[in-house]
Amino acid sequence: MIDDVKDLSRVEKEKKLSRKKFTNFLGKTFISVILSAVIISVFTLFIVNDFLSAFTVERALVTTGQFVSALLLFILLQIGVYKYTSKNGSSIRDFWLTSIMTLITYIGTMAACTLLDNLYAMPIALSTLVLIELIDRRTATLSTAVIGVFMMIAFLFADGTKVFDLSVAVSAIVCNCMCAVLINFLEHKHYSRLKFLIAAIFMPLAMQPLVVTLTLAHRDLSIQILWNVVWCYGANVAAALVFMPLVAIFEGMFNIADDFRLNELCNLSNPLLKRLASEAPGTFNHSLVVGNLSEACASAIGENPNMARCAAYYHDIGKLKAPIYFSENQSSYNPHDELIPEVSVSMITSHTLFGEILAKQNRLPKEIVAICREHHGTSPVGYFYRKALTLKEEGDLAVDKYTYAGPKPQTKIAAIIMIADTIEAAMRAYMPDTKDEYEARINKLVDEKLELRQFDECPITMGDIAIIKQTIIEVLPSIHHSRVNYDKKRKANR
Ligand SMILES: [Fe+2]
Ligand SMILES: [Fe+2]
């Protein structure tokens, strides 16, 4: 009864907290939408209109219309971001980043084509490049569409202060948006920075025949064809060159785990990994093997393999607080021989909490911080629970005091790390001789986690778990350099 009351008050508190978080989230998104709409409208008034006349009675309706259009487009953009990123837990960071990149690209594009006096000089691909790297392809496409539509609105309702050929402007916008879409489809996210840059520089070449065709369609046979090609290509190359420093700035500013950053974090000369290698060599080796397994499993179920490898490398950094208390770092001396099971368990289970603290101190991406905390979920530390049971003379023993504090894995990658971690640790202690025994052991280890309901809070399916098990069965022997002995099995059968 008392437990039920406690549960109810906890559920009530969690509900209140999530309501508060949602309101806070909505408030910040609302501010980003209003701010973006104001900035884009004011800039448009400056660049293609006479700013002061925009507030006269005749132009007031057009000015209001432009502001409302900007507002609606940014609301649409934020709904898209929410839809596309909700699978990985939308964060206010994604909303701000999309708004900032859309604004920077719009301002840069309008400034370039009006100052250079060539409507084809539109580096619209800039937001595409940055957003496919830092968020995802669909958000990048939506941002390009918002920029394109608002540019058309801006040119359509320009007050005539500056003379634009509307049909040329529409052709240039279509052409540059198509160039951004082409980059979006063909650019490969897992390229190195240099390959990504080279691809971004060469891809716009494919759009140049369209620039020539559209210029000819306007019956312009002059040198203007050449200028249009030069400015269109030049603007896209400029976008590719600006993209690199912008990605580096946003990675640092928003602590984003894009593939470039994950590859850098996986470099074994990273200070935290170096510390793990020197202070806890057993844990370091274990993490590398878990990294290989997790990467293969993530690829097999369509998750980000770079994220899985990186999270695995750092999942046990919490053991740095007291490496000797973990079996993989012990040789002959085992400090647990001198401790009562309760103390041993608290020493072991605290590595998830300390790992979270250390990961935050080292500014690791939030996805990795979460995995440091979640990779054991609420599993019990079986060995010390059994030891405590043998020491206790009579009565039951509550298992709660011998379990990790949780939370359970919240993402598919956290679940992969939990499975790979459990299997690697068990197989390191004892590798079965026969294939059947080996597969049965892996199945048993995963079934135990399922029985403990460790995957209840993440979107992993039974199909995914079957693929993960099969991947580990195939990959683990080659990583451990150990072979399942088929001869023994044949002999046993005989
Ligand atoms: Fe761990
Ligand atoms: Fe581990």
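Residues numbered from 1 in each chain as written. Chains lettered and ligands numbered in written order. Predicted model: local features only at pLDDT ≥ 70, side-chain atom pairs only at ≥ 80, totals over all residues. Heavy atoms only, no water.

K.L.:
Is there a simple way to explain the overall build of the chain in this structure?
P.N.:
Along the chain, the regular secondary structure elements total 20 helices and zero strands. Within the chain, buried positions represent 48% of all 494 residues. Contacts in the chain between residues at least 24 apart in sequence constitute 75% of all its contacts with a sequence separation of at least 6. (Helix = DSSP H or I, 4+ residues; strand = E, 2+ residues; numbered from the N terminus. Buried < 20%, exposed > 50% of the residue type's maximum accessible area, 1.4 Å probe, protein only. Contact = heavy atoms within 4.5 Å.)

K.L.:
Got a minute to help me understand the coordination of the iron ion (ligand 1) in this structure?
P.N.:
When four donors bind a metal tetrahedrally, each ideal donor-metal-donor angle is 109.5 degrees, and when six bind octahedrally, the ideal angles are 90 or 180 degrees. Note on the iron ion (ligand 1): its protein donors are Asp 316 (OD), His 351 (NE2), His 375 (NE2) and His 376 (NE2). The metal-donor distances range over 2.1 to 2.2 Å. The site at the iron ion (ligand 1) holds four donor atoms, and with the angles between them running 89 to 176°, its shape is irregular. Between the donor residues of the iron ion (ligand 1), the gaps in sequence give the motif D-x34-H-x23-H-H. The metal-metal distance between the iron ion (ligand 1) and the iron ion (ligand 2) comes to 3.6 Å, with Asp 316 coordinating both. Of this pair, Asp 316 sits in the loop between helix H13 (305–314) and helix H14 (341–361) while His 375 sits in the loop between helix H15 (366–374) and helix H16 (382–391), and the two are 59 residues apart along the sequence. His 375 matches Asp 316 in its accessibility class, with the two residues each being buried. (Donors = N, O, S within 2.8 Å, 3.2 Å for Na, K, Ca; no water. Tetrahedral: all angles 85-135°; square planar, octahedral: opposite > 155°, others 65-115°.)

K.L.:
How should I be thinking about the nonpolar core in this particular structure?
P.N.:
Counting 64 residues, the largest nonpolar core has Tyr 106, Met 110, Val 130, Met 151, Phe 155 and Phe 243 as the members making the most contacts within it. Put simply, the parts of the chain that give this core at least two residues each are helix H1 (2–48), helix H2 (57–85), helix H3 (92–115), helix H4 (125–134), helix H5 (137–156), helix H6 (166–186), helix H7 (193–202) and helix H9 (224–254). At ten residues, H9 tops the list of elements feeding residues into this core. Among all residues touching Met 110, those that are not within four sequence positions of it are Phe 43, Ile 47, Val 48, Met 151, Ala 154 and Phe 155. In terms of nonpolar packing, the next biggest core, distinct from the first, is built from 56 residues, Leu 273, Ala 298, Ala 311 and Ala 414 among them. (Core = buried A, V, L, I, M, F, W, Y, C linked by side-chain atoms within 4.5 Å.)

K.L.:
Would you mind showing me how to read the coordination of the iron ion (ligand 2) here?
P.N.:
Listed as protein donors to the iron ion (ligand 2) are His 286 (NE2), His 315 (NE2), Asp 316 (OD) and Asp 421 (OD); their distances from the metal cover 2.1 to 2.2 Å. Taken together, the four donor atoms coordinating the iron ion (ligand 2) and their angles of 79 to 175° define a geometry best described as irregular.

K.L.:
Can you help me understand the packing of H2 against H5 in this one?
P.N.:
Helix packing for two helices is described by the angle between their axes and how far apart those axes are. At their nearest, the axes of H2 and H5 sit 10 Å apart, and the two run at 175° to each other. Here H5 runs roughly antiparallel to H2, going by the angle between their axes. Here Gln 66, Ser 69, Ala 70, Leu 73, Leu 76, Leu 77, Gly 80, Val 81 and Tyr 84 of H2 come into contact with H5, specifically with Arg 138, Thr 139, Leu 142, Ser 143, Val 146, Val 149, Phe 150, Ile 153 and Ala 154. Considered class by class, the residues forming the contact of H2 with H5 number twelve nonpolar, five polar and one charged. (Axes fitted to C-alpha atoms, helices over the stretch in contact; angles between N-to-C directions. Parallel < 35°, antiparallel > 145°, perpendicular 65-115°, else oblique. Nonpolar A, V, L, I, M, F, W, Y, C, P; charged D, E, K, R; others polar.)

K.L.:
Explain the environment of Ala 426 here, please?
P.N.:
Relative to the assigned elements, Ala 426 resides in helix H17 (residues 412–429). Given a relative accessible area of 12%, Ala 426 falls into the buried group. Sequence-wise, Ala 426 and Ile 442 are 16 residues apart; in three dimensions their C-alpha atoms are separated by 9.0 Å. Beyond its immediate stretch of four places on either side in the chain, Ala 426 contacts Arg 441 and Leu 445.

K.L.:
Any chance you could explain the confidence of the model for the chain here in plain terms?
P.N.:
Regions with low pLDDT carry predicted coordinates that are not meant to be interpreted in detail. For the chain, the mean per-residue pLDDT works out to 85, and 90% of the residues sit at or above 70. Per-element confidence in the chain is highest for H13, whose mean pLDDT is 96, and lowest for helix H20 (residues 486–493), whose mean pLDDT is 46. Within the model, pLDDT remains below 50 along residues 1–6, and this stretch shows zero contacts once partners closer than five positions in the same chain are excluded. Note that pLDDT drops below 50 for residues 483–494; the model gives that stretch eleven contacts with residues more than four away or on any other chain. (pLDDT = per-residue confidence, 0-100.)

K.L.:
Can you help me understand H2 in this one?
P.N.:
Because an α-helix completes one turn every 3.6 residues, residues spaced three or four positions apart along the sequence face the same direction. Given a rise of 1.5 Å per residue, 29 residues ought to cover 42 Å, and the 42 Å separating the end C-alpha atoms of H2 matches this to within 8%. Buried residues of H2: Arg 59, Thr 63, Gln 66, Ser 69, Ala 70, Leu 73, Phe 74, Leu 77, Gln 78, Gly 80, Val 81 and Thr 85, and no others. (Expected span 1.5 Å × (residues − 1).)

K.L.:
Can you help me understand the pattern of salt bridges in this one?
P.N.:
Two side chains carrying opposite charge are able to pair once their charged atoms lie near each other. Scanning the entire structure with this criterion turns up 15 salt bridges. Note that Asp 94 and Arg 93 form a salt bridge whose closest N and O atoms lie 3.8 Å from each other. When its relative accessible area of 14% is taken as the criterion, Arg 93 is described as buried. Between Glu 356 and Arg 373 there is a salt bridge, and its shortest N-O distance comes to 2.8 Å. Placement of Glu 356 in helix H14 and of Arg 373 in helix H15 is noted, with a sequence separation of 17 residues between them. Residue Glu 356 is classed as buried on the basis of its relative accessible area, which comes to 16%. One salt-bridge network, held together by shared partners, links Arg 93, Asp 94, Lys 366 and Glu 367. (Salt bridge = Lys/Arg side-chain N within 4 Å of Asp/Glu carboxyl O.)

K.L.:
For this particular structure, what's the right way to read the side chain of Thr 44?
P.N.:
Mapped onto the elements of the fold, Thr 44 is located in helix H1. Ignoring anything within four residues of it in the chain, the contact list for Thr 44 reads Asn 49, Gln 66, Tyr 106, Phe 150 and Ala 154.

K.L.:
Can you walk me through the side chain of Asn 228 in this structure?
P.N.:
Inspection of the secondary structure assignment puts Asn 228 in helix H9. Under the relative-accessibility criterion, Asn 228 is labelled buried at 5%. Of the polar contacts made by the side chain of Asn 228, one reaches the side chain of Asn 118; its length is 3.1 Å. (Polar contact = N/O pair within 3.5 Å; in protein donor to acceptor, adjacent residues only side chain to side chain.)

K.L.:
Sorry, what's going on with the packing of aromatic side chains here?
P.N.:
Centre-to-centre distance and the angle between the planes together describe a pair of aromatic rings. Counted under the stated rule, the structure contains five aromatic pairs. Between Phe 250 and Phe 254, the aromatic rings sit 5.9 Å apart at their centres with planes inclined by 35°, giving tilted as the arrangement. Pair noted here: Phe 250 and Phe 254 are both in helix H9, with a separation of four residues, about one helical turn. Grouping residues by exposure puts Phe 250 and Phe 254 together as buried. The structure contains a cluster of three or more aromatic residues connected by ring pairs, namely Phe 43, Tyr 106 and Phe 150. (Phe/Tyr/Trp six-rings, centres within 6.5 Å; stacked < 30°, edge-to-face > 60°.)

K.L.:
Where do I start with the environment of Leu 129 in this structure?
P.N.:
Take Leu 129: it is sitting in helix H4. Residue Leu 129 is classed as buried on the basis of its relative accessible area, which comes to 0%. Between the C-alpha atom of Leu 129 and that of Ala 140, which follows or precedes it by eleven residues, the distance is 7.6 Å. Among all residues touching Leu 129, those that are not within four sequence positions of it are Ile 183, Glu 187, Phe 196, Ala 200, Ala 239, Ala 240 and Phe 243.

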